[in-house]
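# Structural overview for review
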Amino acid sequence: MYNRDINIIIQSSDYLLENKLKIMLPTDGFNISVMTYRDHGMNVLVKADICIIDIDTAGYIIPTAMTNHKPMLVVFSKQGDVPPDVIKLADELWLNIASDTVLEFYLRKLFELLELKRRLFMSENYLDTLIDNVPDLIWFKKLSGEHIKANKAFCEAVGKSKAEVEGQNHYAIWDIPEEAYIQSDYVCLDTDEVIISTLRAQSFDEKVFTKAGLRQLVTYKAPLFDETNTLVGTMGCAHDVTELKNINKELGTILDSLPFAILVKNEQGLVIDVNEKFMEIFNPGNKSLLGKQYTLSEYLEPGEYCYTKNTDNKDEIHISRAGREYIFSIQKELLYDFFQNPLGNLYIYEDITLEKTVQQKMHELAYTDQLTGLYQRRYLYEWSESAELRNLSLLYIDLDNFKRINDNYGHIAGDKTLASFAQILRTIFPQNIVARIGGDEFVVIVEECSKDKIAAKAQCVLDTVCDVFHQDESTKVLSASIGIACVGEEHIQFDALLRKADMALYESKHIGKNCYAFHHSCK
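Residues numbered from 1 in each chain as written. Predicted model: local features only at pLDDT ≥ 70, side-chain atom pairs only at ≥ 80, totals over all residues. Heavy atoms only, no water.

Within the fold, Thr191 resides in helix 10 (residues 188-198). Ignoring any residue separated from it by four or fewer positions in sequence, one finds Thr191 in contact with Phe204, Glu206 and Lys221. (Helix = DSSP H or I, 4+ residues; strand = E, 2+ residues; numbered from the N terminus. Contact = heavy atoms within 4.5 Å.)

Counted by the stated rule, this structure contains one cavity of 30 Å³ or more. In this model, the largest cavity occupies a volume close to 100 Å³. If you trace the largest cavity, you find 14 residues lining it, with Trp139, Phe154, His170, Trp174 and Cys188 closest to the centre. Looking at the lining of the largest cavity, its residues break down into eight nonpolar, three polar and three charged. (1 Å grid on protein atoms, 1.4 Å probe; cavity = no way out; pocket = protein on both sides within 12 Å on 5 of 7 lines; lining within 4 Å. Points joined across faces, edges and corners; volume = space filled by probe spheres on them. Nonpolar A, V, L, I, M, F, W, Y, C, P; charged D, E, K, R; others polar.)

The next point concerns helix 17 (residues 411-428). Residues that lie three or four places apart on an α-helix share one face, since the helix turns once every 3.6 residues. End to end, helix 17 covers 26 Å across 18 residues, agreeing with the expected 26 Å (1.5 Å per residue, within 8%). Taken as a whole, helix 17 has its buried residues at Gly414, Thr417, Leu418, Phe421, Ala422, Ile424, Leu425 and Ile428. The buried residues of helix 17 occupy one face: seen down the axis, they fall within an arc of 155 degrees. Turned more than 90 degrees away from the buried face of helix 17 sit Ile412, Lys416 and Thr427, all of them exposed. Where helix 17 is buried, its residues meet strand 18 (392-400), helix 16 (402-409), strand 19 (433-436), strand 20 (441-446) and helix 18 (451-469). (Expected span 1.5 Å × (residues − 1). Buried < 20%, exposed > 50% of the residue type's maximum accessible area, 1.4 Å probe, protein only. Arc of directions from axis to C-beta.)

Now for the packing of aromatic side chains. The tally for this structure, following the rule as stated, stands at 15 aromatic pairs. With 5.7 Å between their ring centres and 75 degrees between their planes, Phe154 and Trp174 make a pair best called edge-to-face. Within this pair, whereas Phe154 is found in helix 6 (residues 152-158), its partner Trp174 is found in helix 8 (residues 170-174), the two being separated by 20 residues in sequence. Look at Trp174 and you get buried, because its relative accessible area is 10%. Its end group placed over the ring of Tyr367, Arg378 keeps NZ or CZ at 5.4 Å from the ring centre. A cation sits over an aromatic face here: Lys451 above Phe518, 4.8 Å from the ring centre. (Phe/Tyr/Trp six-rings, centres within 6.5 Å; stacked < 30°, edge-to-face > 60°. Lys NZ or Arg CZ within 6 Å of the ring centre and 35° of its normal.)

In this structure, Leu395, Ile397, Phe421 and Phe429 are the most contacted members of the largest nonpolar core, which totals 31 residues. Among the secondary structure elements, those contributing two or more residues to this core are strand 18, helix 16, helix 17, strand 20, helix 18 and strand 21 (479-487). If one sorts the elements of this core by residue count, helix 18 sits on top with seven residues. Setting aside anything within four residues of it in sequence, one finds Ile397 in contact with Phe421, Leu425, Asp440, Glu441, Phe442, Val444, Ala480, Ser481 and Ile482. Counting 23 residues, the second largest nonpolar core, distinct from the first, contains Tyr367, Leu392, Ala435 and Ala485. (Core = buried A, V, L, I, M, F, W, Y, C linked by side-chain atoms within 4.5 Å.)

Take the sheet that holds strand 13 (residues 305-308) next. Reading across the sheet, the six strands line up as 12-11-16-15-14-13 and stay open at both edges, with antiparallel pairing between neighbours. The open sheet terminates on both sides in strands that have one partner only, identified here as strand 12 (271-274) and strand 13. Across the sheet, the mean angle separating the axes of adjacent strands is 20 degrees when strand polarity is ignored. Where strand 14 (residues 315-321) and strand 15 (residues 324-336) come together, seven bridges link them in antiparallel fashion. In the sheet register, Ser320 faces strand 15, and the bridge partner there is Glu325. (Pairing = 2+ DSSP bridges. Axes fitted to C-alpha atoms, helices over the stretch in contact; angles between N-to-C directions.)

So, on to the pairing of strand 9 (residues 213-225). Note that strand 8 (residues 202-210) and strand 9 share nine bridges and pair antiparallel. Note on strand 9: the bridge partner recorded for Lys207 is Gln216. Taken together, strand 8 and the strand that follows it, strand 9, pair antiparallel across an intervening segment of two residues. Sheet topology places strand 9 next to strand 10 (residues 231-240); nine bridges connect them, and they run antiparallel. Each bridged residue has a counterpart across the sheet, and for Tyr220 the counterpart in strand 10 is Cys237. If you look at the hairpin formed by strand 9 and strand 10, you'll find five residues sitting between the two strands, and Asn229 has a positive phi there, around 65 degrees.

Roughly 690 Å³ of internal volume is contained in the largest pocket. Along its surface, the largest pocket is lined by 23 residues, and Pro135, Asp136, Leu137, Ala153 and Asp240 are the ones closest to its centre. Put simply, the parts of the chain that give the lining of the largest pocket at least two residues each are helix 6, strand 9, strand 10 and helix 11 (247-257). Broken down by class, the residue content of the lining of the largest pocket amounts to eight nonpolar, six polar and nine charged. Among the elements of the structure, helix 1 (16-24), strand 2 (30-37), helix 16 and helix 17 are those that each provide at least two residues to the lining of the second largest pocket. Broken down by element, the lining of the second largest pocket gets its largest block of residues, five residues, from strand 2. Among the residues making up the lining of the second largest pocket, the classes are represented as nine nonpolar, six polar and four charged.

In space, the five strands of this open sheet follow the order 7-6-10-9-8, with antiparallel pairing throughout. Of all strands in the sheet, those bounded by a partner on one side alone are strand 7 (147-150) and strand 8. The sheet shows a mean angle of 30 degrees between the axes of neighbouring strands, direction not considered. Here strand 6 (residues 137-142) runs beside strand 7; their pairing, made up of three bridges, is antiparallel. Paired with Phe140 across the strands is Lys149, a residue of strand 7.

A few words now on the packing of helix 15 (residues 377-386) against helix 19 (residues 494-511). Helix 19 packs onto helix 15 with a crossing angle of 130 degrees between their chain directions and a minimal axis gap of 10 Å. On the basis of their axis angle, the class for helix 15 and helix 19 is oblique. Residue-level inspection shows Arg377, Leu380, Tyr381 and Ser384 of helix 15 in contact with helix 19, the latter providing Phe494, Asp495 and Leu498. Looking at side-chain class alone, the contact of helix 15 with helix 19 contains four nonpolar, one polar and two charged residues. (Parallel < 35°, antiparallel > 145°, perpendicular 65-115°, else oblique.)

Written out as structure tokens, the structure reads:
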């Protein structure tokens, strides 16, 4: 499941509880931040997903004024003396905690509850999103006939809102008196009984009088069972096939219901059919296309698209709209008649924007340090497998005294410092490989083995660190130590080159930090 950000606010006069929770907090599925506040301002609660009130040291605040946002309220007390008005508002009570083991148990149960609520919400959201984006009618019923859920298409068919549909039976929803239903040839409820009696999914042809008139539906129905495998209701999915009596209308309906943009050309290259998605994407001016040649340059604005022909016979087109880029793959299929004579071509334009975005994101996650945006160690090793390690230098850089930043100002300040230092390296080495390989350890690979030129770059790093960080009281303790290893025409393994730079780094720190040192093999 997707990760979720959880902001935990602790109201306490000390940081003991925060320090304990940071050690005990789960990591799977959550991005968690913990912060202790001593004041009880409402603006603090606005930022919180979970508010833990150490009532022994901080007193309490009753979040009755919260309207749009109310955090989960956890009351913490080793003494166990909690006012009744606070108990009424609390979601969880952590009382009389005798040990860290008990506290960890409470915390684990809290996050299990969060995970259950999260899964319930996401499951309902998945279902609602899925059925509301399906053009067919979808509904769920109790055995009593009451509708417990219906999708957007169903509600549009009956001309009612979801609130007006849910909880109502067939007659109320479709505005059909029971007497009129019995005398008609409608079979909707009859087929429900078939599903209930056979306990298996089946398809039916059904007639329904909708707000758009009498429609012919192909309906797929199935039984619903609870966790004990007891029948509790039925579900249905109905596809309107009224227009399919006409072959041309049938083709148009199918094409327009597809999630792809479709273009059909005859043997002469003239357009004989398109679906609505194609018109929306590739003909925003809504110009007439039938019987004409279609070219991107004629129907799309210059600079709005970029056409790419791939080597795997699947072309791509990139379209920019309102500041967003959309990517479509283009698949060409030959059309034949009954006797296998060629009729023309079918072009399928599939939106692969999400797929491409996910691929790019996966690549970034695999090779990029999330804090600094620099490459990480994995990238260096994979790069070194295909690269010629000749005529280059490796700078192994360490931030001196960085631990003091974390110890004195916290990890958030430390993260900001690392990000700032990463930007320094990007600026000084814009065309080179820059990576973060450890907490405050960085590597730069430069395609240059001249000691004078590399020394100048290294000195620039040292000077810039002083210029940037010594302006602030919190970071003026920082400096940099740099170890440099060079390789000429001789071949060397990456690990060996890295070790040489590490040895040089050790030497620079031994000299007194805020300096650089070359490995003795550098000429």
